[in-house]
Amino acid sequence: MNKNIVIIGAGITGLATAHWLKKDGYNVTIIESNYEVGGSMVTEQENGYLIDFGPNSGLETSPLIKILVEDLNLSDQFIYGNKAGNKRYILRDDNLHVLPTSLKDFLSTKLFSVKAKLRLGLEPFIGRSKDGYGQSISEFVTRRLGSEFLDYAINPFVAGVYAGDPDKLSVKSAFPKLYRLEELYGGLIKGTIKGARKRKKSGEESKQSAAMFSFKDGMVTLPKAIHAEFGDNILLNSRVTSVDKKNDKYQITYEHNGSQSTLVADLIISTTPSYITANIFNNFDSGLCSHLNKIYYPPVMVLYLGYDKKDIGQPLDGFGYLIPSKEKKKYLGALWSSVIFDNRAPEDKASFTLFFC
Ligand SMILES: Cc1cc2nc3c(=O)[nH]c(=O)nc-3n(C[C@H](O)[C@H](O)[C@H](O)COP(=O)(O)OP(=O)(O)OC[C@H]3O[C@@H](n4cnc5c(N)ncnc54)[C@H](O)[C@@H]3O)c2cc1C
């Protein structure tokens, strides 16, 4: 073994990959263009508020997450989301409706019309589509579940996860598990029931039932702990500009404080955004790089707000709400940050994270 591996990018993908590779005995070096690790994971503390500007939580979909946390001695920092945060709201006609999670709630909710509820009952009788990557989320969901379900359940969910448009995203790429339910079991309802039995055996959790987690000091705790594990093997403030192949080895060129340096590796893993990967690897496969360059990254702005609890005119008892594009609001939704995890705001305040696209 003892191969030298270089990972480009010290966001959570690069860092977690580095951790597992090191555990398997590889020599790993990480090159990061920023002054600190974490990539999109950024946490700041100000005036008693704890602000996660990127991800506010993770989902414990795999037992590997707990192993990673234990490996890094972070068990006393690891926290689960509060029960209240399990409730999610969708805005329709300026009213917040709880997103139903049981058949009983689905039947009684005013989020969907009676017609939409009856349409959902047809799902098990709808056949498979022959389209693969070509099929958008909108096409897939409208065919299987009807247009109202697309507008008031899937559309806001796609905005919440991808800040994306379901007409433009491929269902096979964006929701591979959903797509596979149709492919493997012939339908979503059938597949959900059978998939749950399978996961029970493997110990995996579906995203719907997985527990939400964070850390007492915010999400940045995780990248910081992996940074401590790797120390000087993470080269910060070092921007990779190109990669070349020489005699079965890879030569990585990077800029640090205005001067160029190189590293030689047996293997390279790039975790940079696709448009940056396209520039770095242009010498290898210009066709692939031209595809990578076309991947659209929606710009997202995050606004963090704090209010006195006494000034809030309604109970805060959920994760927050998402806004379907049909509602024509200027933002995608809001997280009720201080409800989801403890110690995100001073005792008498409530904090909110709003996403604009
Ligand atoms: C506002 C927001 C909220 C989110 N909320 C959630 C959430 O609640 N839950 C969740 O699961 N996910 C959430 N996500 C998504 C999640 O943050 C990302 O999927 C994840 O952080 C991506 O990590 P990454 O390591 O793949 O990429 P990045 O975090 O983008 O890391 C890539 C790294 O590569 C470095 N880099 C770039 N170019 C170079 C170069 N030339 N040389 C060297 N290094 C380079 C960058 O500086 C960066 O550190 C959210 C994302 C955003 C933006």
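1. Here we look at helix 8 (residues 176–185)
Line of reasoning, step 1. What helix 8 keeps buried is the set Tyr179, Leu181 and Glu182. Seen end-on, helix 8 carries its buried residues on one side only, within an arc spanning 150°. Facing away from the buried side of helix 8 by more than 90 degrees, the exposed set consists of Pro176 and Lys177.
Line of reasoning, step 2. One or two steps after helix 8, the chain reaches glycine 186, where phi turns positive at roughly 85°.

2. Observations concerning the pairing of strand 3 (residues 43–46)
Line of reasoning, step 1. As paired strands, strand 3 and strand 4 (residues 49–52) are joined by four bridges and run antiparallel to one another. Directly across from threonine 43, in strand 4, lies its bridge partner aspartate 52.
Line of reasoning, step 2. Adjacent in sequence and paired antiparallel, strand 3 and strand 4 are bridged by two residues, among which asparagine 47 carries a positive phi angle near 45°.

3. Brief notes about the sheet that holds strand 2 (residues 27–31)
Line of reasoning, step 1. Read across the sheet, four strands follow the order 10-2-1-14 without closing on themselves; strand pairing throughout is parallel. The sheet terminates laterally at strand 10 (234–235) and strand 14 (267–270), the two strands that pair on one side only.
Line of reasoning, step 2. Across four bridges, the pairing between strand 1 (residues 4–8) and strand 14 is parallel. Bridging from a neighbouring strand, isoleucine 7 pairs with isoleucine 269 of strand 14.
Line of reasoning, step 3. Across the sheet, helix 1 (residues 12–23) lies against strand 1, strand 2 and strand 14, angled at about 165° from strand 2, the strand it touches most.

4. Digging into helix 6 (residues 147–162)
Line of reasoning, step 1. Taken as a whole, helix 6 carries its principal kink of about 40° at isoleucine 154; the proline proline 156 stands between one and four residues after it.
Line of reasoning, step 2. In this structure, the buried residues of helix 6 make contact with strand 7 (88–92), helix 4 (114–120), helix 5 (137–145), strand 16 (320–322) and strand 17 (333–335).
Line of reasoning, step 3. Residue alanine 163 follows helix 6 closely and has a positive phi angle near 50°.

Cut-offs applied
Residues numbered from 1 in each chain as written. Predicted model: local features only at pLDDT ≥ 70, side-chain atom pairs only at ≥ 80, totals over all residues. Buried ≥ 20, exposed ≤ 12 C-beta atoms within 10 Å, placed from the backbone. Helix = DSSP H or I, 4+ residues; strand = E, 2+ residues; numbered from the N terminus. Arc of directions from axis to C-beta. Pairing = 2+ DSSP bridges. Contact = placed C-beta atoms within 7 Å. Axes fitted to C-alpha atoms, helices over the stretch in contact; angles between N-to-C directions. Bend = angle between axes of the 7 residues up to and from the residue.

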